[in-house]
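Chains, contacts and geometry: an overview
Spelled out from the first residue to the last, the chains are:
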Amino acid sequence: MKFGSVDINPDGWDKWSWKDFLDFYDQSLKGKVTETPEEIAHVLGVKVPVKHKVNTAK
Amino acid sequence: MRTFKFAGNGASKLFLTDVKGVIVTKKNTTQTIALAKTSAGWSTLLNPATTAGVLGTYIDFERGMEPKSAAPEMTTSNTGFEEKTKDFAPKFVGHAYISWADYLTWFAADTQEFDFTLVLNNGDLMSAITSAGAQKGFCGRLFVTYDLPKPGGAEKQKACPFDIMFDDVEEWKNYQILKTDFTRKELSALAPVGVNIEVLTAYATGTGVVVLKATKRATGEAYTGFTTYAQWEVVSLKGDVAGAATAIDAAQAALGIYSVTFLNGAAKLTDDFEIQAVTVASTHITYLSNVLNVPI
């Protein structure tokens with residue numbers, strides 16, 4: 001699966017933790033792809049933690 | 001079993017043409033005689049669609065071939081009666097028409113057992129036949145020579161010697177000449193083109209990335225075709241239970257340089273591992289690298 005100049009094995013990502021994936025992104029993808037970690041994780045099937053919105057309305 | 005009967009003399013007194021090459025296959029690799037007569041049959045063994053399917057290759061002995069076979073043992077009894085008391089399996093040294101870089105890839109095969117099907121000048125095969133009637137190479141052992149480059153002249157052509165010693169004289173008693181539908185050069189063309197890979201920047205245990213360089217054998221010209229992760233195969237692992245190419249950055253492919261991430265799942269590899277790179281075009285391997293140890 002191609003992202004920029006990087007080809008990634010699309011198999012087995014559902015077993016990865018989000019922290020491990022972020023390490024992988026920083027070490028092998030950062031600066032070489034235009035997509036964010038969340039975008040690539042979504043395509044590969046890595047479980048992305050849900051971000052809780054903070055309600056600042058008063 | 002072969003029963004002797006007087007079988008006549010042919011009108012032609014032609015010599016059997018020279019041996020000019022050998023197909024080296026893994027032990028006990030067999031195929032039907034019908035397939036062995038076709039390049040399609042050999043293509044299945046020499047350049048299939050996967051490296052796991054590769055069961056052999058072809059070595060050209062255009063640079064020379066010297067039989068070294070021992071004469072049969074003849075013994076004279078104390079009564080003066082002389083007879084043959086032992087046969088020896090043939091052996092020879094073939095001087096391969098390959099580069100020094102190709103020869104290096106054979107060092108790991110020294111002393112190993114293979115089956116050898118001899119290829120005659122006209123493309124016909126000199127082959128053993130199994131008891132079930134299948135084609136099989138003669139069983140034997142292969143030896144390489146670790147030596148300095150030859151200085152020149154006739155010795156120069158002997159730079160890549162293969163000593164091949166056959167093990168079973170019984171196979172030779174029943175050998176057959178198989179008339180093929182291909183030429184020797186067509187057979188030679190089946191073997192994948194060899195590419196050299198080397199480590200440019202060592203495996204980083206913090207990232208799992210190793211920078212590798214691929215060049216065409218002996219010339220050093222960049223090979224630009226190993227751009228996908230699936231082309232980099234882990235052949236063996238020394239200390240890890242699993243490992244594979246997870247990603248590859250081919251931004252410098254034009255220079256033959258590839259940054260490949262090898263991981264064991266999400267973990268980094270912790271000990272040496274061996275890799276091989278391959279290009280498959282349609283259903284056949286077209287480029288194949290040496291096996292490279294990546295030290296950690």
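Everything in this summary refers to the structure shown in the same document. (Residues numbered from 1 in each chain as written. Chains lettered and ligands numbered in written order. Predicted model: local features only at pLDDT ≥ 70, side-chain atom pairs only at ≥ 80, totals over all residues. Heavy atoms only, no water.)

Description of the nonpolar core
All names here are of chain B. Membership of the largest hydrophobic core comes to 26 residues, with the highest contact counts inside it found for Trp 106, Phe 162 and Phe 166. Those elements that provide at least two residues to this core are β1 (19–25), β8 (113–120), β9 (125–129), β11 (138–144) and β12 (161–166). For this core, the element with the most residues is β8, which contributes 4 residues. Counting residues in each nonpolar core, the second largest holds 23 residues, with Ile 197, Leu 212, Ala 214 and Val 294 among its members. (Core = buried A, V, L, I, M, F, W, Y, C linked by side-chain atoms within 4.5 Å. Buried < 20%, exposed > 50% of the residue type's maximum accessible area, 1.4 Å probe, protein only. Helix = DSSP H or I, 4+ residues; strand = E, 2+ residues; numbered from the N terminus.)

Considerations on the interface of chain B and chain A
Opposite the 18 residues of chain B that make contact, chain A presents 15 residues. When chain B packs against chain A, close to 1200 Å² is buried across both sides, 55% of that on carbon and sulfur atoms. Across the pair Asp 249 of chain B and Lys 32 of chain A runs a salt bridge, and its minimum N-O distance is 3.5 Å. Taken together, the connections running from chain B to chain A amount to 9 residue pairs in polar contact (both at pLDDT 80 or more). Sorting the residues of the side of chain B that touches chain A by element identifies β17 (244–249) and β18 (257–264) of chain B as the ones contributing at least two each. Among the elements that line the side of chain B that touches chain A, the one with the most residues is β17 of chain B, at 5 residues. Of the residues that constitute the side of chain B that touches chain A, the class distribution is 9 nonpolar, 7 polar and 2 charged. (Contact = heavy atoms within 4.5 Å. Buried area = accessible area lost by both parts, 1.4 Å probe. Salt bridge = Lys/Arg side-chain N within 4 Å of Asp/Glu carboxyl O. Polar contact = N/O pair within 3.5 Å; in protein donor to acceptor, adjacent residues only side chain to side chain. Nonpolar A, V, L, I, M, F, W, Y, C, P; charged D, E, K, R; others polar.)

Brief notes about the pattern of salt bridges
Residues and elements named next belong to chain B. A complete count under the given rule lists 20 salt bridges over all chains for this structure. Taking the shortest distance from any N to any O, the salt bridge between Asp 60 and Lys 185 comes out at 3.5 Å. Of this pair, Asp 60 sits in strand β3 (residues 56–60) while Lys 185 sits in helix α6 (residues 184–190); the two residues are 125 residues apart in sequence, bridging distant segments of the chain. For Asp 60, a relative accessible area of 6% translates into the label buried. For Glu 221, the salt bridge goes to Lys 216, with nearest N and O atoms at 3.7 Å. For Lys 216, a relative accessible area of 29% corresponds to the partly exposed category. In the salt-bridge network here, residues are joined through shared partners; they are Lys 20, Asp 60, Glu 62, Arg 184 and Lys 185.

Structural notes on the pairing of strand β20 (residues 273–281) of chain B
All names here are of chain B. Looking at chain direction, strand β16 (residues 232–237) and β20 are connected through 5 bridges and run antiparallel. Looking at the pairing, Glu 233 lines up with Gln 276 of β20. Sheet topology note: the β20/strand β22 (residues 292–294) ladder contains 3 bridges and is antiparallel. For Ile 275, the partnering residue across the bridge sits in β22 and is Leu 292. As paired elements, β20 and strand β21 (residues 284–289) share 4 bridges and run antiparallel to each other. Residue pairing for β21: Val 278 is matched across the bridge by Leu 288. Connecting β20 to the antiparallel partner β21 that follows it, the hairpin turn spans 2 residues, and Ser 282 within it adopts a positive phi of roughly 60°. (Pairing = 2+ DSSP bridges.)

A closer look at the packing of aromatic side chains
Residue and element names in this part refer to chain B. Overall, the coordinates contain 26 aromatic pairs over all chains when judged by the stated rule. Summarising the aromatic geometry, the rings of Phe 4 and Phe 6 are spaced 5.3 Å apart at their centres and angled 80° between planes, so their arrangement reads as edge-to-face. By relative accessible area, Phe 4 is classed as exposed at 63%. Here Phe 61 and Phe 162 contribute two aromatic rings whose centre-to-centre distance is 6.4 Å and whose plane-to-plane angle is 50°, an arrangement assigned as tilted. Of this pair, Phe 61 sits in the loop between β3 and β4 (65–67) while Phe 162 sits in strand β12, placing them 101 residues apart in sequence. Grouping residues by exposure puts Phe 61 and Phe 162 together as buried. (Phe/Tyr/Trp six-rings, centres within 6.5 Å; stacked < 30°, edge-to-face > 60°.)

Things to note about the environment of Lys 173 of chain B
Residues and elements named next belong to chain B. Within the secondary structure, Lys 173 is located in helix α5 (residues 169–173). You can call Lys 173 partly exposed: its relative accessible area is 45%. Expressed as a C-alpha distance, the spacing of Lys 173 and Thr 3, which sit 170 residues apart in the sequence, is 12 Å. Apart from the residues lying within four places of it in its own chain, the contact partners of Lys 173 are Arg 2 and Asp 87.

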